[in-house]
There are 2 protein chains.
Amino acid sequence: MSQLENVTLIKEANVYFDGKVTSRAVILSDGTKKTLGIMLPGEYEFSTDLKEEMEILAGHLEYKLTGEGWQTIEGSGVFYVPAQDKFQLKVHTVTDYCCSYIKE
Amino acid sequence: MSQLENVTLIKEANVYFDGKVTSRAVILSDGTKKTLGIMLPGEYEFSTDLKEEMEILAGHLEYKLTGEGWQTIEGSGVFYVPAQDKFQLKVHTVTDYCCSYIKE
């Protein structure tokens, strides 16, 4: 069980796709931001502003980055999405994730 | 927008009812624990260990404490559940909550 220490947690959740995707934001002591969220089964497309590190803590999903094929994660894994880009997801089971926003 | 400062956040989510209820635990600087969660529409029953303060941040639901009638919260509100007890919920819209565990 891992934890984030000395963080500021925004109480109110972010709700997308009728609640099938929800997340909460945390600000780390170095000022960087992460969101921790849950995705229920479904197909989604997201856009990035900053570069994102998508850490899958638990779940089964496929993801597709621009110009690449579908990749599968079962259990845990990580992928990176460039800034100002899009990515697609096919979420097959309840998926727990931690997204880090990376300033370049 | 309210926030919890200097907290320790457990990264892994708690998942109940096939993901229709999910939460994440935070430990405050005074050692007390809260969980922040999302409930999708549905009917649920929960049991308490410690006394709980259920703060509804956003949503529409009905709750029933042992020996009492159904009460409605629309938008935001709060209710308390005794330790070692049960409560029932009818969640009508995506509901964002913060549960505080109170040692007596």
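Structure shown above.
Residues numbered from 1 in each chain as written. Chains lettered and ligands numbered in written order. Predicted model: local features only at pLDDT ≥ 70, side-chain atom pairs only at ≥ 80, totals over all residues. Heavy atoms only, no water.

**Brief notes about the relation of the copies chain A and chain B**
No. 1: Placing chain A over chain B gives an RMSD of 0.0 Å and needs a rotation angle of 180°, together with 0.0 Å of translation along the axis. This pairing of chains is accounted for by a two-fold axis. Identified as the residue of chain A closest to the rotation axis by C-alpha distance is Asn 6 of chain A, at 2.2 Å.
No. 2: Both copies contact each other with a shared surface, as 100% of the interface residues of chain A are interface residues in chain B too. (Least-squares fit on C-alpha atoms with pLDDT ≥ 70 in both. Contact = heavy atoms within 4.5 Å.)

**Some thoughts on the interface of chain A and chain B**
When the parts of a complex come together, some accessible area is lost, and that lost area is often used as the size of the interface.
No. 1: With 29 residues of chain A in contact, the opposing surface of chain B contributes 29 residues.
No. 2: In total, about 2,500 Å² of surface goes out of reach between chain A and chain B, with carbon and sulfur atoms giving 61% of it.
No. 3: By the criterion of area lost to chain B, the three top residues of chain A are Leu 9, Lys 11 and Arg 24 of chain A, representing 25% of everything that side buries.
No. 4: Remark: the boundary between chain A and chain B carries four salt bridges.
No. 5: A salt bridge links Arg 24 of chain B to Asp 96 of chain A; the nearest nitrogen and oxygen atoms lie 2.8 Å apart. (Buried area = accessible area lost by both parts, 1.4 Å probe. Salt bridge = Lys/Arg side-chain N within 4 Å of Asp/Glu carboxyl O.)

**Quick word on the environment of Gln 3 of chain B**
No. 1: Inspection of the secondary structure assignment puts Gln 3 of chain B in strand β1 (residues 3–10).
No. 2: When near neighbours in sequence (up to four residues on either side) are disregarded, Gln 3 of chain B contacts Thr 8, Leu 9, Ile 10 and Lys 11 of chain A.
No. 3: Of the polar contacts made by the side chain of Gln 3 of chain B, one reaches the side chain of Glu 5 of chain B; its length is 2.8 Å. (Helix = DSSP H or I, 4+ residues; strand = E, 2+ residues; numbered from the N terminus. Polar contact = N/O pair within 3.5 Å; in protein donor to acceptor, adjacent residues only side chain to side chain.)

**What to know about the sheet that holds strand β5 (residues 42–47) of chain B**
Residue and element names in this part refer to chain B.
No. 1: Here four strands make up an open sheet; going across it, the order is β5-β10-β7-β8 and the pairing antiparallel. Taken across any chain shown, the strands that pair with only one partner, and hence form the sheet edges, are β5 and β8 (70–74). In this sheet, adjacent strand axes meet at a mean angle of 25° when their direction is disregarded.
No. 2: As paired strands, strand β7 (residues 60–65) and β8 are joined by five bridges and run antiparallel to one another. The residue of β8 that forms the bridge with Glu 62 is Thr 72. (Pairing = 2+ DSSP bridges. Axes fitted to C-alpha atoms, helices over the stretch in contact; angles between N-to-C directions.)

**Digging into the side chain of Glu 53 of chain A**
Residues and elements named next belong to chain A.
No. 1: Its location among the elements puts Glu 53 in strand β6 (residues 51–58).
No. 2: In this structure, Glu 53 is buried with no salt-bridge partner, the nearest side chain bearing the opposite charge being Lys 34 at 5.1 Å.
No. 3: At 2.9 Å, the side chain of Glu 53 forms a polar contact with the side chain of Tyr 80.
No. 4: Aside from chain neighbours lying at most four places away, what touches Glu 53 is Val 78, Phe 79, Tyr 80, Cys 98, Cys 99, Ser 100 and Ile 102. (Buried < 20%, exposed > 50% of the residue type's maximum accessible area, 1.4 Å probe, protein only. Lys, Arg positive; Asp, Glu negative; His and termini not counted.)

**Observations concerning the sheet that holds strand β7 (residues 60–65) of chain A**
All names here are of chain A.
No. 1: Read across the sheet, four strands follow the order β5-β10-β7-β8 without closing on themselves; strand pairing throughout is antiparallel. At either end of the open sheet lies a strand with only one pairing partner, and these are β5 (42–47) and β8 (70–74). Averaged over all neighbouring strand pairs, the angle between strand axes comes to 25°, with direction disregarded.
No. 2: Pairing analysis gives six bridges linking β5 to strand β10 (residues 86–91), with the strands arranged antiparallel. Within β10, the residue paired with Ser 47 across the bridge is Lys 86.

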